[in-house]
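# Breakdown of the fold
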Amino acid sequence: RGPAGLGMAVAAFERRVLRNAAEHHYLRVRLELPDGGARPNAAQFKQLVVTALRELHGEVGAALPVDVLTYEEKTLSAILRVISSGLVKLWSALTLLGFYQNRRCAFRVLQFCLFFLSPNQTSPFLLALSGNSRELVLD
């Protein structure tokens, strides 16, 4: 019975929380170095990510499994893969990093993606992370 005995049925709501079943999350990031200078190579870029994690989250953060799947030195862009439980740690560490070799810098997260894949599956979403249609040059 409804309120004040009006005979209306009361709607029953049930809250369901689903945990993310994705094993990994993927971030497309760009390192911005406003004053130019030396650009990091792939190994230095990976070390910068680990340094950011260590500075904010200590040795536990530095031990977080983060993979640099692609890195383009020309644009300082990369696709990073991190285990789902480490996404917030990685994102916050990159956001708060402010210096590279004593020069100002900033990480920008350009895209974020998650999907349910086993290691031998492929996904069109991962391909979408690899390029930016706004930067596409047609002949």
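Below, the structure is looked at part by part.

Conventions we followed
Residues numbered from 1 in each chain as written. Predicted model: local features only at pLDDT ≥ 70, side-chain atom pairs only at ≥ 80, totals over all residues. Heavy atoms only, no water. Salt bridge = Lys/Arg side-chain N within 4 Å of Asp/Glu carboxyl O. Buried < 20%, exposed > 50% of the residue type's maximum accessible area, 1.4 Å probe, protein only. Helix = DSSP H or I, 4+ residues; strand = E, 2+ residues; numbered from the N terminus. Contact = heavy atoms within 4.5 Å. Arc of directions from axis to C-beta. Expected span 1.5 Å × (residues − 1). Bend = angle between axes of the 7 residues up to and from the residue. Polar contact = N/O pair within 3.5 Å; in protein donor to acceptor, adjacent residues only side chain to side chain.

### Concerning the pattern of salt bridges
- Applying the stated criterion across every chain yields a total of five salt bridges.
- Of the charged contacts in the structure, one is a salt bridge between Arg 30 and Glu 32, with a shortest N-O distance of 2.9 Å.
- Taking relative accessible area as the criterion, Glu 32 reaches 24% and is therefore assigned partly exposed.
- With a shortest N-O distance of 2.9 Å, Glu 59 and Arg 54 are connected by a salt bridge.
- Judged by relative accessible area, Arg 54 falls into the partly exposed class, the value being 34%.
- Salt bridges sharing partners connect three or more residues here, namely Arg 30, Glu 32 and Arg 108.

### Description of the environment of Leu 33
- Among the secondary structure elements, Leu 33 is positioned in the loop between strand 1 (24–32) and helix 1 (42–62).
- Leave out the neighbours within four places in its chain, and Leu 33 touches Ala 38, Pro 40, Leu 76, Tyr 100, Arg 103, Arg 104 and Cys 105.

### Focus: helix 2 (residues 87–96)
- Of all the positions in helix 2, only Leu 87, Leu 90, Ala 93 and Leu 94 are classed as buried. Looking straight down helix 2, one finds that the buried residues subtend no more than 145° of arc, so they occupy a single side. Turned more than 90 degrees off the buried face of helix 2, the exposed positions are Val 88 and Leu 96.

### Things to note about helix 1
- With 21 residues, helix 1 should reach 30 Å at 1.5 Å per residue; the first-to-last C-alpha distance of 17 Å falls well below that figure.
- Leu 56 marks the point of greatest bend in helix 1, at about 120°.
- Within helix 1, the full set of buried residues consists of Phe 45, Leu 48, Val 49, Val 50, Ala 52, Leu 53, Gly 61 and Ala 62.
- Here helix 1 starts with a cap whose side-chain oxygen sits 3.0 Å from the backbone nitrogen of Ala 43, and that cap is Asn 41.

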